Amino acid sequence: TPGALQLLSASRSSGMKTSGNGSIIFPLVAKLVLPGASSHLVLRSVNPTFYFYFNPNDEAVSDFGQEHSASAQSPDAFALVSLKQKNDTRELEMGRASAYNGSLVSFRKGLSLKSSVAFQTASKGDGIFKVTTGPLRPGEYAFVFVGGDETARVYDFTVAPTAEATR
């Protein structure tokens, strides 16, 4: 039903893959790969609203991103990103390195800024946050948190084309 809350659960990745040879022309690119051409959660609005619920009394908030932790302090610890569809998978760039003549020229660890999507948060009190975005193009998206040990938690969803998207 329209307007009904739906749970956005963490997805498991298929792992990481790399491409390129590390040169300036063909940099070494690390990508997180999610199975399936699309998410199980399909949204029919280009202007979705999300609610994040955190336990403000959880003492483990400082270790969020670790395997045993299940909490964070705010949605601002996450990035909203667009995923690239490739065959039966979806990919997210997680790092890039290139070298010239045996010397490291550039190195970037973490999510690509090109895939980032802006969002706004509003605290509703008691660990509840309302998260909104501008209009999203139809496609694949995810809220991603990368922990200190470089593990990523990915909460993916699909924005389906609708009559609302063509206005």
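Residues numbered from 1 in each chain as written. Predicted model: local features only at pLDDT ≥ 70, side-chain atom pairs only at ≥ 80, totals over all residues. Heavy atoms only, no water.

### Topic: the pattern of salt bridges
Inspection of the entire model under this criterion finds three salt bridges. Note that Glu91 is salt-bridged to Lys31, the shortest N-O span being 3.5 Å. Within this pair, whereas Glu91 is found in strand β6 (residues 89-100), its partner Lys31 is found in strand β2 (residues 28-35), the two being separated by 60 residues in sequence. Of the charged contacts in the structure, one is a salt bridge between Glu140 and Arg90, with a shortest N-O distance of 3.6 Å. In this pair, Glu140 sits in strand β11 (residues 139-146) while Arg90 sits in strand β6, placing the two residues 50 residues apart along the sequence. By relative accessible area, which is 3% here, Arg90 ends up buried. Sharing partners across several salt bridges, the network here consists of Arg90, Glu140 and Asp156. (Salt bridge = Lys/Arg side-chain N within 4 Å of Asp/Glu carboxyl O. Helix = DSSP H or I, 4+ residues; strand = E, 2+ residues; numbered from the N terminus. Buried < 20%, exposed > 50% of the residue type's maximum accessible area, 1.4 Å probe, protein only.)

### Examining a nonpolar patch on the surface
A cluster of nonpolar side chains, Leu5, Tyr51 and Tyr53, forms an exposed patch at the surface whose accessible area comes to about 370 Å². In this fold, Tyr51 is placed in strand β4 (residues 49-53). (Patch = residues over 30% accessible without salt bridge, like charges linked within 9 Å, V, L, I, M, F, W, Y side chains within 5 Å. Areas by Shrake-Rupley, 256 points an atom, 1.4 Å probe, with all protein chains shown as cover.)

### Section: the environment of Ala142
Inspection of the secondary structure puts Ala142 in strand β11. A relative accessible area of 0% means that Ala142 is categorised as buried. The spatial distance from the C-alpha of Ala142 to the C-alpha of Leu92 is 9.4 Å, given a sequence separation of 50 residues.

### Considerations on the nonpolar core
With 19 residues, the main nonpolar core has Leu8, Phe50, Phe52, Phe78, Phe143 and Phe157 as its most contacted residues. Of all the elements in the fold, those that place two or more residues in this core are β4, β10 (128-133), β11 and β12 (152-159). When residues no more than four places from it in sequence are discounted, the contact partners of Phe157 are Leu8, Ser39, Leu41, Leu43, Phe50, Leu80, Leu136, Gly139, Glu140, Tyr141, Ala142 and Phe143. Formed by 11 residues, the second largest nonpolar core is a distinct cluster that contains Leu32, Leu34, Ala79 and Val144. (Core = buried A, V, L, I, M, F, W, Y, C linked by side-chain atoms within 4.5 Å. Contact = heavy atoms within 4.5 Å.)

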